[in-house]
Amino acid sequence: MSRRSIVMRTMFTMLLAAGALQAAAAECSRDIAAPVSTSGASVQVEGTHIGGIYPDLLRNMGARNGCNFVFTLVPRARQVAMYKDGKADLLVPASRTPSRDLLGTFVPMIGHRAMLISVEGQRAPITSAKNLLERRDLRVAVVRGFDYGEQYMALVNELSKQGRLFIEVDVVAVARLLNAGSADVTIMGPTLMAGAIRRDQRVNGMQEKLRMEAIPELPWHESGAYVSHALKPEDQRLLVDMLEKIGRSNLVMDGYRRYFTPDVLTNSVRPR
């Protein structure tokens, strides 16, 4: 074999090895733990299948990048606790908060806003958190584990001190309280409520009776996903890159548009 042939073969072997290394580097080193809770169109459960906007997009992107996402269904509070304990590699969907930033890297997907939601009635409008706190006749229901920022948490804590707060395990439970007249107001994203109403026949027809109110203490903010710092650095980089591509593509917003009518989205969800 000539010297040139040997050199060419050596170079070809090195290129193959480099390609193999790059391919290996583009794969997650292990399965990615992604506990989720039912969340409007974001996460949906039919029988044993976990789907929805985020699981479907992650599975699709993961298949192209060598990452296997293991989705398990848990209550929202448990999902958040697992992220805090380093047992959840992803927290999705999630609002951005300072405490969560300490534990992971946030990747924004959409703009999102929580609102006051109630069944239509004759009461006067609620214009602020102070106004809601002063209306002591109104009972408020929220979902354990939801966090829309410091002002939201301060409002919830004060409502609890006043003895006017119901804390439920999921959105369906809150919807049933509102429908039965056992609670007067909830605080969450309207798409979450709309998704819960679609899933549960016991509150069928409730959507048309809902009243949405925005208050200054619940402003627009970013919603997306957290990648836990408990993962290996190379896995974190790969997942953040994947999620950033999804965020830039606007596929999450497209998913919301396919699922919800404009009247539900207009005041609560917008492109990032």
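Here the structure is shown first, and the text comes after it.
Cut-off values and rules
Residues numbered from 1 in each chain as written. Predicted model: local features only at pLDDT ≥ 70, side-chain atom pairs only at ≥ 80, totals over all residues. Heavy atoms only, no water. Axes fitted to C-alpha atoms, helices over the stretch in contact; angles between N-to-C directions. Helix = DSSP H or I, 4+ residues; strand = E, 2+ residues; numbered from the N terminus. Parallel < 35°, antiparallel > 145°, perpendicular 65-115°, else oblique. Left-handed = near helix turned anticlockwise from the far one by under 90°. Contact = heavy atoms within 4.5 Å. Buried < 20%, exposed > 50% of the residue type's maximum accessible area, 1.4 Å probe, protein only. Pairing = 2+ DSSP bridges. Arc of directions from axis to C-beta. Salt bridge = Lys/Arg side-chain N within 4 Å of Asp/Glu carboxyl O.

Caption draft 1: Representation of the packing of helix α2 (residues 53-65) against helix α9 (residues 233-249) in the model. Contact geometry of α2 with α9 gives a least axis separation of 11 Å together with a crossing angle of 125°. Judged by the angle between their axes, α2 and α9 are oblique. For the crossing formed where α2 meets α9, the hand is right-handed. Along the contact surface, α2 presents Leu57, Leu58, Met61, Gly62 and Asn65, while α9 presents Leu238, Met242, Leu243, Lys245 and Ile246.

Caption draft 2: Molecular detail of the pairing of strand β1 (residues 32-36). The buried fraction of β1 amounts to 4 of the 5 residues, a majority that puts the element mostly inside the structure. Inspection of the sheet shows β1 paired to strand β4 (residues 69-73) by 5 bridges, in the parallel sense. Bridged to Ile32 within β4 is Phe69.

Caption draft 3: Highlighting helix α10 (residues 251-259). Among all positions in α10, only Val252, Met253, Gly255 and Tyr256 are buried. Buried residues along α10 cover an arc of 155° about the axis, so they all sit on one side. Looking at the packing, one finds that the buried side of α10 touches α2, β6 (104-112), α8 (190-199), α9, α11 (262-265) and β13 (269-271).

Caption draft 4: Spatial organisation of the pattern of salt bridges. Applying the stated rule across the entire model yields 10 salt bridges. When the shortest N-O distance is used, the salt bridge between Asp101 and Arg96 registers 3.2 Å. For Asp101, a relative accessible area of 27% corresponds to the partly exposed category. Note that Glu213 is salt-bridged to Arg211, the shortest N-O span being 3.7 Å.

Caption draft 5: Region of the structure containing the sheet that holds strand β5 (residues 90-95). Taken in spatial order, the 4 strands line up as β5-β12-β6-β13 in an open sheet, and their pairing is antiparallel. The open sheet has two edge strands, β5 and β13, and neither has a second partner. Ignoring which end each strand starts from, the neighbouring axes of this sheet average 40° apart. Pairing geometry for β6 and strand β12 (residues 221-228), over 8 bridges, is antiparallel. Within β12, the residue paired with Phe106 across the bridge is Tyr226.

Caption draft 6: Region of the structure containing the environment of Val240. Structurally, Val240 is set in helix α9. Overall, the relative accessible area of 15% leaves Val240 in the buried class. It is 27 Å that separates the C-alpha atoms of Val240 and Leu218, two residues lying 22 residues apart in sequence. Excluding residues that lie within four positions of it along the chain, Val240 makes contacts with Thr105, Val107 and Val227.

Caption draft 7: Expanded view of the sheet that holds strand β11 (residues 210-213). In space, the 5 strands of this open sheet follow the order β9-β8-β10-β7-β11, with mixed pairing throughout. Looking at which strands have only one partner, the edges of the open sheet turn out to be β9 (165-168) and β11. For this sheet, the mean angle separating the axes of adjacent strands, direction not counted, is 30°. Direction of pairing for strand β8 (residues 140-143) relative to strand β10 (residues 185-188): parallel, over a ladder of 2 bridges. From the neighbouring strand, Val140 faces β10, where its bridge partner is Val185.

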